[in-house]
Amino acid sequence: MRGRYTVDISQMFTDMELLKERENNKGSKPTTLEEVVDVIQSTPGCKALIEGEGGIGKTTILRHLSYNWSDQSIELFEGKIVFLLSLRDLKKDDDISDLIVQQLTDFNLDTDLPEDPQLIKEFINKHDNNFVLLLDGLDELRFDNQSVISLFRKKRFKQSTVILTSRPENIDEFIKECNVHIRVSGFNKESIGKYIEKYFKHFENQQLGESLKEELDIDTLLPGEKHPEAYSMCKNPMLLLSICMLWEDNQSLPSDNTDLFKELFRSILNQFNKQKQCDKILKFEDTPSKYVHAMILLGKCMYINLKRNQLSIKITDLNDTHSTRDMIDMALKLGFVYEEAPLSKSNCERIFMPPHKLIVESLVGFYMSKLFESENIKDDSDVRQLLIPLGYNELDVIKSEYFKVARKFALGFLDAATAGYYLKQWLTKHFPLRMSSRIRKFFFGIKITYKERFIANILDIQHDSYGRVGVRICNLSADVINHLGTECSLKQVQLALRTIDIFGNNFHNIDVNSLSSLLIMCPKLTTLYMMNCNLSADVINHLGTDCSLKQVQLALEHLDISRNNFHNIDVNSLSSLLIMCPKLWELYMRDCNLSGDVINHFVTECSLKQVQLALRDLSISGNNFHNIDVNSFSSFLIMCPKLRELYMMDCNLSGYVIYYLTVVCSNRGIDFFK
């Protein structure tokens, strides 16, 4: 970030865990940088691995060690030569000694000594016990280069101390070969609280810091309960800085992830405006076009590099877009990236880094959203050349794991119709059979107003592989199902779904016609979970009537509509609904506020219609059946010749009724749970 936000982080390292020490797997125990350094220095030829998410402080640790060694203020790697090397600079056919030679070339330039790379390499190999190698960014290796793992296997530099940093992906071999394994895990809630206090104390507004701590529930047993996304970001030093800036700017934290990053973007831009003495941006949608274009430029360069799992961008990447010099300068000054100090004087290449991987992914998502809306951009040749449509193969690239988070951001930035279309494109060939957990996570991060279009486009797929959709507790409203029914009807969709799980959403005003239409479009649907959905008896009443008029036959085998209030359910409609489900063998209606009168009248209605039910499992626990008629219920059991399990716990049954049902169920071979 810019100069106003220069922070002394010498004592602000994130929490660390020691996972392995001198070949012994230790489990996990908290540790400090000082303890880790002591272990490394006391282990001859130590090979240490520091893992952690992007932006968590790994590079800062190596720079801190390098600085303290050169400063000689403390005894660190005494009598040894320390090299801080970026593995991003390692070429395909080079090894680590080539990076060292590159740095020593600077020494030759300063001293006028003759340059002889081979002589330097021979010296390094012969005196390897005198060297400490701080290798930064295994995850940013651009090529398949075996020189790093050869160090850990002690095929090269056997006596050298090596400290390697990496994100958690693809490090199993290094974990196996290392002497010391450390995980940088981020700030805990105490560290988050202290950071917030220090930040706002520095700017003489401690009351604002206390209000942020209160908003994040820092001092409670369940911190971050109101804002899980924002609290998760606070574990990372650079993102916590952004959260503090956002709170200082606006005193609010959106719950929607994309909206949260819109506000972060706005906060960053407002800090830039403040320096330039420009007006504050009040809404993200009012961001000046010159800023939007600069963000698109950054997003495009980051998009290209993210395909290689690379977070940094070079000045040449920006120049290669053929953007104007003004746009490039603007992109670098806004505050989304900072320029890395070169590790050697001979390396004049300018490299820029974001403070965290999420900044990359959000800007890539922003670029992708603008790319998909590019047909709406008028008369702006500068930005149009940044938004050249992707080829069909490029859409397959976006489906890769590297773009998992960026895809979510793109959908969040888009309008509903466009987002739904692209979600369908990304899911059609990419999602596994059981996609409920991913869909659930996806819906937690997406605006409510977009959800019906998303689901409609997901379901507009003619493949049998889509056997299940699960969107439990995803803040879906009845409007989503209503629009979904309409969308699918207009598209004349026939769905191959076998399971729908929409437990825990609020469907109090659901349109029965849309719901019945949806069921009709799912001729293979065998399982429907609608527990705790705030359904009313009127919904079941009208659904039974509507399906009866449409002469629907449903393939349902499992139906769970527990924990909805059916106190005034119409038994005629309920019986009609069950008749339309001739294969239904499992019915759960627990805690539905049913009465004994409902059961009595239901049995009478079924008797008149000469109904035979296929039920094997019936659970009606948690209802008040104090006035149930045992003769009627006995008749009901006759209508269910295949019934094997009956659950009637906590139903306010009298001793006589329990005794009678126990005898009847025993005679019929039914397990009676009372």
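Here the structure is a predicted model, which means the values were calculated and not measured.

K.L.:
Before we move on, can you summarise the overall build of the protein chain with the specific residues and values?
P.N.:
On a plain count of helices and strands, the protein chain comes out with 28 helices and 18 strands. Put simply, the protein chain has 674 residues, and 55% of those count as buried. Of the contacts made within the protein chain by residues no fewer than 6 positions apart, 78% connect residues no fewer than 24 positions apart. Summed over its atoms, the accessible surface of the protein chain is roughly 31100 Å², and 49% of this surface lies on carbon and sulfur atoms.

K.L.:
Explain the sheet that holds strand β9 (residues 338-339) residue by residue, including any values.
P.N.:
With antiparallel pairing, the 3 strands of this open sheet are ordered in space as β8-β10-β9. The sheet terminates laterally at β8 (313-314) and β9, the two strands that pair on one side only. In this structure, β8 lies alongside strand β10 (residues 351-353), joined through 2 bridges in antiparallel fashion. Its bridge partner lying in β10, K314 is registered against I351.

K.L.:
Describe the packing of helix α12 (residues 289-306) against helix α14 (residues 325-333), listing the residues and the values that go with them.
P.N.:
Running from N to C, α12 and α14 point in directions that differ by 80 degrees, and their axes come no closer than 8 Å. Regarding the angle of α12 to α14, the classification is roughly perpendicular. Every residue of α14 that contacts α12 at K290, Y291, H293, A294, L297 and L298 is listed here: M327, I328, M330 and A331. In terms of residue class, the contact of α12 with α14 is made up of 8 nonpolar, 1 polar and 1 charged.

K.L.:
Outline empty space enclosed by the protein, listing residues and values.
P.N.:
The full count for this structure, using the stated rule, is 7 cavities of 30 Å³ or more. Empty space within the largest cavity amounts to approximately 150 Å³. Every residue lining the largest cavity is counted, 13 residues in all, and those nearest its centre are M589, I599, F602, I620 and F636. Sorting the residues of the lining of the largest cavity by element identifies α25 (571-579), α26 (596-608) and α27 (630-639) as the ones contributing at least two each. Per-element tally for the lining of the largest cavity: the top contributor is α26, with 3 residues. Taken together, the residues that form the lining of the largest cavity break down as 13 nonpolar, no polar and no charged.

K.L.:
Give me the lowdown on the state of the cysteines, citing residues and values where you can.
P.N.:
Tallied over the full model, the rule gives 0 disulfides. Cysteine C244 is unpaired, with the sulfur of C234 as its nearest cysteine sulfur at 7.0 Å.

K.L.:
Any chance you could break down the nonpolar core for me, citing the residues and the numbers?
P.N.:
One finds L212, L253, M295, L334, F336, V364 and M368 to be the most contacted residues of the largest nonpolar core, which totals 78 residues. In terms of residue count, α12 provides more of this core than any other element does, 11 residues in total. Core analysis: the second largest hydrophobic core is formed by 68 residues, L515, L556, C651 and I670 among them.

K.L.:
Describe the confidence of the model for the protein chain, listing the residues and the values that go with them.
P.N.:
For the protein chain, the mean per-residue pLDDT works out to 79, and 80% of the residues sit at or above 70. Counting interchain partners and residues more than four positions distant, the pLDDT-below-50 stretch residues 427-450 has 62 contacts. Long-range and interchain partners of residues 456-466, a stretch whose pLDDT sits below 50, account for 34 contacts in this model, where long-range means more than four residues apart.

K.L.:
An account of the packing of helix α7 (residues 189-202) against helix α10 (residues 237-250) is needed here, citing residue identities and associated values.
P.N.:
Helices that pack against each other are described as a pair by the angle of their axes relative to one another and the distance between those axes. At a closest axis distance of 11 Å, the pairing of α7 and α10 adopts a crossing angle of 50 degrees. Judged by the angle between their axes, α7 and α10 are oblique. Remark: the crossing between α7 and α10 carries right-handed chirality. Of α10, the residues touching α7 (which contributes I192, Y195, I196, Y199 and F200) are P237, L240, L241, C244, M245, W247 and E248. Looking at the contact of α7 with α10 residue by residue, the classes come out as 11 nonpolar, no polar and 1 charged.

K.L.:
Please provide a residue-by-residue account of the environment of L613, values included.
P.N.:
If you trace the backbone, L613 turns up in the loop between α26 and β16 (617-619). Placed 23 residues apart in sequence, L613 and F636 show a C-alpha to C-alpha distance of 9.4 Å. Contacts of L613, omitting those with residues within four sequence positions, involve L578, F636, M639, C640 and P641.

K.L.:
Account for the pairing of strand β6 (residues 161-166), with residues named and values stated.
P.N.:
Within β6, 6 of the 6 residues are buried, which leaves the element mostly enclosed by the surrounding structure. Residues of β6 alternate between two faces, with T161, I163 and T165 on one and V162, L164 and S166 on the opposite face, all of them buried. By the bridge criterion, 5 bridges tie strand β3 (residues 47-51) to β6 in an arrangement that is parallel. In the sheet register, K47 faces β6, and the bridge partner there is V162. Strand direction decides the pairing type here: strand β5 (residues 131-136) and β6, joined by 4 bridges, are parallel. Within β6, the residue paired with V132 across the bridge is T161. Remark: the β5/helix α5 (residues 147-152)/β6 crossover connection has right-handed handedness.

K.L.:
Summarise the packing of aromatic side chains; cite the residues concerned and give the values.
P.N.:
Each aromatic ring pair is specified by the distance between its two centres and by the angle formed by the two planes. Taken as a whole and assessed by the stated rule, the structure comprises 20 aromatic pairs. Here Y199 and F200 contribute two aromatic rings whose centre-to-centre distance is 4.9 Å and whose plane-to-plane angle is 75 degrees, an arrangement assigned as edge-to-face. Relative accessible area serves as the criterion here: at 6%, Y199 is assigned to the buried category. Taken together, a centroid distance of 6.5 Å and an interplanar angle of 80 degrees make the contact between F261 and F265 edge-to-face. Of the two residues, F261 and F265 are both situated in helix α11 (residues 257-276); the distance of 4 residues between them amounts to about one turn of the helix. Of the aromatic side chains, those joined through ring pairs into one cluster are F261, F265, F284, F336, F366, F409 and F413. The cationic tip of R616 hangs over the ring face of W585; the distance from NZ or CZ to the ring centre is 4.1 Å.

K.L.:
I'd like a description of helix α4 (residues 117-126), backed by residues and values.
P.N.:
Along α4, the residues that are buried comprise I120, K121 and I124. Buried residues of α4, viewed axially, fall in a sector of 100 degrees; they line one side. In α4, the exposed positions angled more than 90 degrees off the buried face are occupied by L119 and K126.

Analysis parameters
- Residues numbered from 1 in each chain as written.
- Predicted model: local features only at pLDDT ≥ 70, side-chain atom pairs only at ≥ 80, totals over all residues.
- Heavy atoms only, no water.
- Helix = DSSP H or I, 4+ residues; strand = E, 2+ residues; numbered from the N terminus.
- Buried < 20%, exposed > 50% of the residue type's maximum accessible area, 1.4 Å probe, protein only.
- Contact = heavy atoms within 4.5 Å.
- Areas by Shrake-Rupley, 256 points an atom, 1.4 Å probe, with all protein chains shown as cover.
- Pairing = 2+ DSSP bridges.
- Axes fitted to C-alpha atoms, helices over the stretch in contact; angles between N-to-C directions.
- Parallel < 35°, antiparallel > 145°, perpendicular 65-115°, else oblique.
- Nonpolar A, V, L, I, M, F, W, Y, C, P; charged D, E, K, R; others polar.
- 1 Å grid on protein atoms, 1.4 Å probe; cavity = no way out; pocket = protein on both sides within 12 Å on 5 of 7 lines; lining within 4 Å.
- Points joined across faces, edges and corners; volume = space filled by probe spheres on them.
- Disulfide = S-S within 2.5 Å.
- Core = buried A, V, L, I, M, F, W, Y, C linked by side-chain atoms within 4.5 Å.
- pLDDT = per-residue confidence, 0-100.
- Left-handed = near helix turned anticlockwise from the far one by under 90°.
- Right-handed = clockwise from strand over helix to strand, strands pointing away.
- Phe/Tyr/Trp six-rings, centres within 6.5 Å; stacked < 30°, edge-to-face > 60°.
- Lys NZ or Arg CZ within 6 Å of the ring centre and 35° of its normal.
- Arc of directions from axis to C-beta.

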